[in-house]
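A closer look at the structure
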Amino acid sequence: MERSSGPTKVSTRACLLAVALAAAGAAGVTPVFAADEVNQERLLNVDKEAGNWLHHHQNYAGHRFSTLKEINRDTVKNLKVAWTLHLGGIEPGGIWSHGGLEGTPIAENGFLYVTDGWGSVYKIDAHGGRGALVWKMDPKTDRDWAGAVACCGVDNRGVALWGDLVISHTLDGRLIATKKDSGQVAWQRSVADPDKGEVITGAPLIVKNMAITGVAGAEYGIRGWIAATDLSTQKEVWRTYTIPGKGEPGSETWKDNNNAMAAGGGSTWVTGTYDPATDTIIWGVGNPGPDWDNAYRPGDNLYTDSSLALDADTGKIKWHYQHTPNDPYDYDSVAENVLVDIPGPSGPRKLALEADRNGFAYAIDRTNGKFVWGLPFVKKVTWTKGLDPESGKPIEYDPNKSVQTYIASVTPSRTNMETDICPGNMGGKNWPPTAYNPDLKLWYIPVIESCNRIKVEVMTPDKLKPREFWTGGGPSQPFRITGSVTAIDVTTGKIAGKLETPFPNLGGMLATSDLVFTGQPSGEVMALDAKTLQKLWEFNTGGGVNAPPMTFSVDGKQYLAILVGLGGAWDKWFIDSTPELKKIQPGSMLYVFAL
Amino acid sequence: MMMSNKLPAAGMLLVSVVALNFSAYGQSAQVSDPTSAGKAVFGRANCMGCHKWHGNGGGGYGGDALSLRRTELTREQIIETVGCGRPGTGMPFFVRGAYDEVKCFDMNRQDAGPQMPPEGGTFLRPKDIEAVADYVIAHIKGAGEPTYAECVAFFSSSSRVCDVYKAESQKPDHATANTGKSQ
């Protein structure tokens with residue numbers, strides 16, 4: 001892996017700011033507080049600083065739950081826009097006509113850190129009831145290079161904090177450390193290679209002085225991986241491939257003679273979670289490639305469509321759980337695994353929850369990777385009759401078959417070259433994150449209620465070319481797609497409520513003690529009652545919500561923040577299923593609400 | 001349950017519309033460098049969003065945009081296809097008023113019904129459509145696999161987008177480099 005480091009040019013503005021800060025220091029204001037340095041202790045104990053939002057998924061367990069209570073069931077009706085800030089990053093590049101916003105803001109001590117689709121990082125001072133840009137770090141992403149192999153949009157889901165650095169990714173494969181005070185780039189390193197079809201859209205996960213990076217590109221014939229970079233030495237600590245090498249365990253699940261494994265996909269583009277009790281990173285793995293021609297790659301195709309548990313120090317795989325073996329549907333399991341502890345008859349059950357593109361929600365015992373329960377969370381599933389209650393595998397799964405057909409009449413295959421499936425290939429649940437209320441033990445899933453039509457293309461090895469699509473077909477959208485927020489009672493594994501929405505949920509969830517927040521690609525941000533899902537408040541942003549809400553406090557006041565700017569895969573590939581959304585304009589704006 | 005929206009083969013359609021009068025597009029405009037104007041249209045109208053910069057298209061999330069390298073269409077047919085799109089497929093129409101004031105394949109919007117092709121992200125003037133057709137004929141139609149030289153000619157930026165073609169011409173076994181070795 002190539003590495004670019006050393007001094008990087010500093011923008012004039014950043015220089016000026018650095019000077020200003022130094023002057024402030026000289027005037028007796030200490031520029032850097034120890035409390036501003038993020039360390040493992042703070043990352044482990046985010047509940048001690050409820051006003052901040054330090055992790056991409058709020059805590060290591062991925063709960064996206066805030067204990068702040070100023071905005072609650074009774075007061076939420078008074079929620080109003082406090083301030084907004086226009087961002088940039090909607091420029092075209094590659095096959096994309098514009099970028100969008102999918103990020104979760106990070107909040108620390110009254111400052112917000114957000115990204116736009118091309119990976120610019122913005123530090124915003126949120127003190128005093130308004131937002132002021134402190135600095136912007138523009139990584140000058142190579143748009144043509146990266147944008148041509150980004151399957152699903154010009155996306156960047158946000159930053160992480162470590163020490164006095166802001167850690168971020170770029171679509172063209174870099175991990176960048178930016179000085180939190182000045183906006184100056186401290187160092188950067190190439191982690192992914194767009195020449196191989198690899199790009200990065202996820203936010204980094206920070207574990208013990210390492211940045212964990214996932215990769216996208218299963219539509220371009222990559223071999224997926226999860227990589228850890230030491231944030232002091234800037235060196236790679238480990239890189240675990242999600243597709244085994246020849247002869248490694250799991251390689252027997254690729255039974256073809258084409259070496260399909262070499263370009264087998266298994267992307268990892270959604271930030272994972274971490275269980276400090278067992279020092280385990282849990283990360284979701286995406287679809288195998290080619291997506292829809294599963295006869296090209298007979299076998300179960302490990303570790304695609306799986307949840308993987310990795311030893312944090314070595315990256316070694318501790319266990320895996322595969323949801324859709326030999327997937328013919330593009331049913332990624334790239335989603336975050338939410339870690340929850342539920343009282344059980346023989347002590348607490350330690351679960352990992354995942355809501356899959358295939359329409360099923362799963363609880364796995366995270367100590368050993370065993371199936372606990374699973375249920376469909378979408379209204380319509382046509383590809384399987386359901387899950388085996390013991391194994392959690394689709395009932396039709398036959399371990400003796402090398403090419404799975406599930407319910408053959410609807411499953412894309414070489415003998416069923418055009419077919420309609422539910423859920424459609426976007427899910428189910430895509431990357432927009434779930435949220436979990438640990439008091440109510442309710443888990444909220446942002447749902448795409450969908451069917452779509454798949455056309456299969458028979459693949460041959462000569463069609464595999466670097467930086468070209470390797471999908472074995474493609475979807476079209478003859479059906480209207482809607483959405484819902486679906487709540488699951490984690491103690492029973494049953495659906496506790498469903499609020500249907502006119503449009504798919506492309507943004508994700510935030511939970512507070514008695515509310516849940518979410519948005520719609522048609523523009524609305526809304527607050528729902530945590531127990532009944534009844535809508536209590538709504539505001540139309542006039543843009544398309546494609547990012548999750550979060551909450552923080554500053555000057556003793558609680559705020560709700562959300563990025564607004566429709567981009568991603570939807571408005572290019574799936575818009576025909578939601579024709580009204582053609583009216584939504586590209587945009588790039590941060591909305592912040594308060595009472 | 002599945003309703004077929006299959007169309008008669010594209011070739012048949014084209015035969016049936018040969019009579020379509022596109023002479024409104026007139027004589028080739030006097031552009032000093034017609035193919036570079038066409039290249040600009042190829043980018044601006046986002047032909048490359050579906051057919052890629054090299055015109056080879058390819059399957060994928062957007063469905064199958066046909067290869068313009070392997071197209072057998074004539075200049076006139078390309079002009080028709082760009083102006084009217086192709087009913088029942090993802091190929092959009094780029095002429096303002098297509099299927100309304102401008103008749104396409106002898107159909108209006110109502111006749112086309114569910115076969116109505118999508119509307120392009122931008123409308124093109126007849127002159128631009130001719131220019132892009134000229135560009136396709138001159139630089140894309142009939143060309144083999146995309147090369148480094150073609151790529152740098154297309155992109156005038158310092159992007160690394162073309163590096164992969166350079167690498168390929170240097171090491172012909174590039175495909176195996178893509179397999180990645182386990183660490």
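Here we look at the overall build of chain B
A count of helical and extended segments in chain B gives 9 helices and 0 strands. Seen in sequence order, chain B has helices and strands lined up from the N terminus as α-α-α-α-α-α-α-α-α. Among the 183 residues that make up chain B, the fraction classed as buried is 42%. Summarising the internal contacts of chain B: among those between residues at least 6 apart in sequence, 60% fall at separations of at least 24.

With respect to the state of the cysteines
Residue and element names in this part refer to chain A. Within this structure, the stated rule accounts for 4 disulfides over all chains. The disulfide that involves C422 links it to C451, with 2.2 Å between the sulfurs. An S-S torsion of about 105 degrees defines the bridge between C422 and C451 as right-handed. Residue C422 is found in the loop between β23 (418-421) and β24 (435-437), and its partner C451 is found in the loop between β25 (442-449) and β26 (452-456); the two are separated by 29 residues along the sequence.

Some thoughts on the confidence of the model for chain A
Close reading of the predicted structure is inappropriate where its pLDDT is low. When the pLDDT values of chain A are averaged, the result is 94; 94% of them are 70 or greater. When the criterion is pLDDT under 50, residues 1-33 of chain A qualifies, and its contacts beyond four places in sequence or with other chains add up to 29 contacts.

Section: the sheet that holds strand β15 (residues 273-275) of chain A
All names here are of chain A. On the basis of which strands lie adjacent, the open sheet formed by 4 strands has the order β15-β16-β17-β18 and antiparallel pairing. The sheet terminates laterally at β15 and β18 (317-322), the two strands that pair on one side only. Mean inter-strand twist for the sheet, computed between neighbouring axes without regard to direction, equals 20 degrees. Strand direction decides the pairing type here: β15 and strand β16 (residues 280-284), joined by 3 bridges, are antiparallel. Within the sheet, the bridge partner assigned to Y274 lies in β16 and is I281.

A closer look at the pairing of strand β29 (residues 494-501) of chain A
Residue and element names in this part refer to chain A. Strand direction decides the pairing type here: strand β28 (residues 482-489) and β29, joined by 7 bridges, are antiparallel. Bridge pairing in β29 links V485 to L499. Where β28 hands over to β29, the hairpin turn is made up of 4 residues, of which G493 adopts a positive phi near 70 degrees.

What about the packing of helix α4 (residues 75-84) of chain B against helix α6 (residues 126-140) of chain B?
Residues and elements named next belong to chain B. The contact between α4 and α6 brings their axes to 9 Å, and the two run at 130 degrees. Judged on the interaxial angle alone, α6 and α4 are oblique. Here α4 runs over α6; the crossing is right-handed. Residue-level inspection shows R75, I78, I79, V82 and G83 of α4 in contact with α6, the latter providing I129, E130, V132, A133, D134, V136 and I137. Among the residues making up the contact of α4 with α6, the classes are represented as 8 nonpolar, 1 polar and 3 charged.

A look at the nonpolar core
Residues and elements named next belong to chain A. Among the nonpolar cores identified, the biggest contains 87 residues, and W83, I167, I212, I281, F517, F552 and L590 are the most heavily contacted of them. With residues up to four places along the chain from it excluded, the contact list for W83 reads L112, I124, A126, G129, R130, G131, Y559, L590, Y591 and V592. Within the second largest apolar cluster, 52 residues are counted, among which are V154, A309, W383 and I575.

So, the packing of aromatic side chains
In total, this model carries 27 aromatic pairs over all chains according to the counting rule given. Centre to centre, the rings of W53(B) and Y165(B) are 5.5 Å apart; their planes meet at 80 degrees, and the pair counts as edge-to-face. Here the residue W53(B) occupies a position in the loop between α3 (47-51) and α4, and Y165(B) occupies one in helix α8 (residues 163-170), the gap between them amounting to 112 residues. Each member of the pair, W53(B) as well as Y165(B), carries the same accessibility label: buried. The cationic tip of K572(A) hangs over the ring face of W573(A); the distance from NZ or CZ to the ring centre is 4.8 Å.

Section: empty space enclosed by the protein
Inspection of the entire model under this criterion finds 4 cavities of 30 Å³ or more. Looking at the largest cavity, its volume works out to about 320 Å³. Around the largest cavity, the lining comprises 31 residues; the ones closest to its centre are C152(A), R157(A), W269(A), N430(A) and A569(A). When grouped by side-chain class, the residues that make up the lining of the largest cavity number 16 nonpolar, 9 polar and 6 charged. One number sums up the size of the second largest cavity: a volume of about 110 Å³. Considering the residues around the second largest cavity, the lining is formed by G94(A), I95(A), A148(A), R467(A), E468(A), M48(B), K52(B), W53(B), H54(B), F155(B), V161(B) and Y165(B). Considering only residue class, the lining of the second largest cavity consists of 7 nonpolar, 2 polar and 3 charged.

Quick word on the pattern of salt bridges
All names here are of chain A. Following the criterion strictly, the structure yields 33 salt bridges over all chains and no others. Among the ionic pairs, E336 bridges to K429, the shortest N-O distance being 2.7 Å. In this pair, E336 sits in the loop between β18 and β19 (338-342) while K429 sits in the loop between β23 and β24, placing the two residues 93 residues apart along the sequence. The partner of R366 in a salt bridge is D341, with the nearest N and O atoms 2.8 Å apart.

Some words on α4(B)
Within an α-helix, residues lying three or four positions from one another point in the same direction, as the helix has 3.6 residues per turn. Residue and element names in this part refer to chain B. Where burial is concerned, most of α4 is hidden: 7 out of the 10 residues are buried. Residues I78, I79, E80, T81, V82, G83 and C84 constitute the buried set of α4. One or two steps after α4, the chain reaches G85, where phi turns positive at roughly 70 degrees.

Focus: the environment of R357(A)
In this structure, R357(A) sits in the loop between β20 (349-355) and β21 (360-365). Placed 70 residues apart in sequence, R357(A) and N287(A) show a C-alpha to C-alpha distance of 9.8 Å. In contact with R357(A), other than residues within four places in its own chain, are W269(A), D330(A), Y331(A), D332(A), P423(A), N425(A), M426(A), G427(A), G428(A), K429(A), N430(A) and Y61(B). Separated by 3.2 Å, the side chains of R357(A) and D330(A) make a polar contact. For R357(A), the side chain forms a polar contact with the main-chain oxygen of N425(A), separated by 2.6 Å.

Rules behind the numbers
- Residues numbered from 1 in each chain as written.
- Chains lettered and ligands numbered in written order.
- Predicted model: local features only at pLDDT ≥ 70, side-chain atom pairs only at ≥ 80, totals over all residues.
- Heavy atoms only, no water.
- Helix = DSSP H or I, 4+ residues; strand = E, 2+ residues; numbered from the N terminus.
- Buried < 20%, exposed > 50% of the residue type's maximum accessible area, 1.4 Å probe, protein only.
- Contact = heavy atoms within 4.5 Å.
- Disulfide = S-S within 2.5 Å.
- pLDDT = per-residue confidence, 0-100.
- Pairing = 2+ DSSP bridges.
- Axes fitted to C-alpha atoms, helices over the stretch in contact; angles between N-to-C directions.
- Parallel < 35°, antiparallel > 145°, perpendicular 65-115°, else oblique.
- Left-handed = near helix turned anticlockwise from the far one by under 90°.
- Nonpolar A, V, L, I, M, F, W, Y, C, P; charged D, E, K, R; others polar.
- Core = buried A, V, L, I, M, F, W, Y, C linked by side-chain atoms within 4.5 Å.
- Phe/Tyr/Trp six-rings, centres within 6.5 Å; stacked < 30°, edge-to-face > 60°.
- Lys NZ or Arg CZ within 6 Å of the ring centre and 35° of its normal.
- 1 Å grid on protein atoms, 1.4 Å probe; cavity = no way out; pocket = protein on both sides within 12 Å on 5 of 7 lines; lining within 4 Å.
- Points joined across faces, edges and corners; volume = space filled by probe spheres on them.
- Salt bridge = Lys/Arg side-chain N within 4 Å of Asp/Glu carboxyl O.
- Polar contact = N/O pair within 3.5 Å; in protein donor to acceptor, adjacent residues only side chain to side chain.

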